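Examining the three-dimensional arrangement
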Amino acid sequence: MTEVLPQKILIVTAHPEPRSLNSSLSAFAAEELRAAGHEVQVSDLYAMKWKAAVDADDFPELAPDRRLNVLFDSGEATLAGTLSADVAAEQEKLRWADAVILQFPLWWFSVPAILKGWIDRVFTFQFAHGPDLPPYSEGALAGRRALISVTIGARESAFAERGIHGRLADVLHPIQHGLFWFTGMAPLEPFAVHDSVVLSDDRFAEVQEEYRQRLDRLFTDQPIPFRTLDGGDYGEDMRLLPGVEAPGTSGLDIHVR
């Protein structure tokens, strides 16, 4: 791996089978990164039996007769230090990390429910966003890099330009832009393994080598250059100003510089 100063990486993995491709890639990444001198923590959500649903149990100090307001109550509990222990522990991992890797299979064009539940519960108001934590800029989790490592059953051409599933960049936009960049993390181009259902041993060896090279560049690759909300490209209505994008640019690409 390219020599860089030791960093701290959080890997969050979501697959119910410990012998799965996703579990193998998660273990491979942890081994490679540690061998390079980095510190690694792994949150294996299925092994942890992570509770996916946000509910009043996330806020133990909430009065039993009080109507639950998830946004307000999560922010209040965050500031007071009274979130449930599992949520608080994952927030501490995020504070600790210099980079975050999400490892998951693409299920129904999104993350598995257990990973969505990790996002819903951990990225609370006043931790990941808030009135003093501006979105789409150097916000709450600024200074951290973020990498998606995703396995996909379909062929690559189906997620390409004119592919029936739509471009992979568009499918992953809610995570890349709506989670990572919204909270200030710098998203990298995703690492995607297509045709994962029929992956041969030879192809798996190739995937490992490709992933090794991506991990080698985890702290040197240029992030996706999403526009900042406060950089002058958007109006007060949070819409991109006319003519800011390059001629011919359309769709979600207008939000990339």
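Quantities reported herein were computed from a predicted structural model and do not represent experimental measurements. (Residues numbered from 1 in each chain as written. Predicted model: local features only at pLDDT ≥ 70, side-chain atom pairs only at ≥ 80, totals over all residues. Heavy atoms only, no water.)

What follows is about the overall build of the protein. For the protein, the count of helices and strands is 7 helices and 6 strands. Walking the protein from its N terminus toward its C terminus, one meets helices and strands in the order β-α-β-α-α-β-α-β-α-α-β-β-α. Since a compact globule built from 257 residues should have a radius of gyration of about 18 Å, the 19 Å found for the protein is in line with a globular shape. Each principal axis of the C-alpha atoms in the protein carries an extent, and together these give about 60 × 50 × 40 Å. Expressed as a percentage of the 257 residues in the protein, the buried residues total 44%. For the protein, the proportion of contacts with a sequence separation of at least 24, taken over those separated by at least 6, is 75%. Across the protein, the 23 positively charged side chains and the 38 negatively charged ones have centroids separated by 2 Å. (Helix = DSSP H or I, 4+ residues; strand = E, 2+ residues; numbered from the N terminus. Rg over C-alpha atoms; globule rule 2.2 N^0.38 Å. Buried < 20%, exposed > 50% of the residue type's maximum accessible area, 1.4 Å probe, protein only. Contact = heavy atoms within 4.5 Å. Lys, Arg positive; Asp, Glu negative; His and termini not counted. Charge placed at Lys NZ, Arg CZ, Asp CG, Glu CD.)

Time to look at the side chain of serine 23. Inspection of the secondary structure assignment puts serine 23 in helix α1 (residues 21-35). For serine 23, a relative accessible area of 15% puts it in the buried group.

Here the focus is the nonpolar core. Among the nonpolar cores identified, the biggest contains 38 residues, and Leu102, Phe104, Leu115, Trp118, Phe123 and Ile175 are the most heavily contacted of them. Within the residue set of this core, elements represented by two or more residues are β1 (8-13), α3 (85-96), β3 (99-105), α4 (113-122), β4 (145-151), α5 (168-171) and α6 (173-181). Among the elements that make up this core, the one with the highest residue count is α4 (5 residues). Residues in contact with leucine 102, not counting those within four places in the same chain, are Val12, Leu115, Trp118, Leu147, Ile148, Ser149, Ile175, Leu179 and Phe180. (Core = buried A, V, L, I, M, F, W, Y, C linked by side-chain atoms within 4.5 Å.)

Before going further, it helps to spend a moment on α3. Every α-helix carries 3.6 residues per turn, so stepping three or four residues along brings you back to the same face. In a regular helix each residue adds 1.5 Å, so 12 residues correspond to 16 Å; α3 covers 16 Å between its end C-alpha atoms and thus fits that length. Along α3, the positions that sit buried rather than exposed are Val87, Glu90, Gln91, Lys93 and Leu94. Seen from one end, α3 has its buried residues packed into an arc of 155°, which puts them on one side. Where α3 is buried, its residues meet β1, β2 (39-44), α2 (70-80), β3 and α4. (Expected span 1.5 Å × (residues − 1). Arc of directions from axis to C-beta.)

All right, on to the pairing of β1 then. The element β1 is largely enclosed, with a buried count of 5 among its 6 residues. For the handedness criterion, the β-α-β arrangement of β1, α1 and β2 is classed as right-handed. Looking at chain direction, β1 and β3 are connected through 5 bridges and run parallel. Its bridge partner lying in β3, isoleucine 11 is registered against isoleucine 101. (Right-handed = clockwise from strand over helix to strand, strands pointing away. Pairing = 2+ DSSP bridges.)

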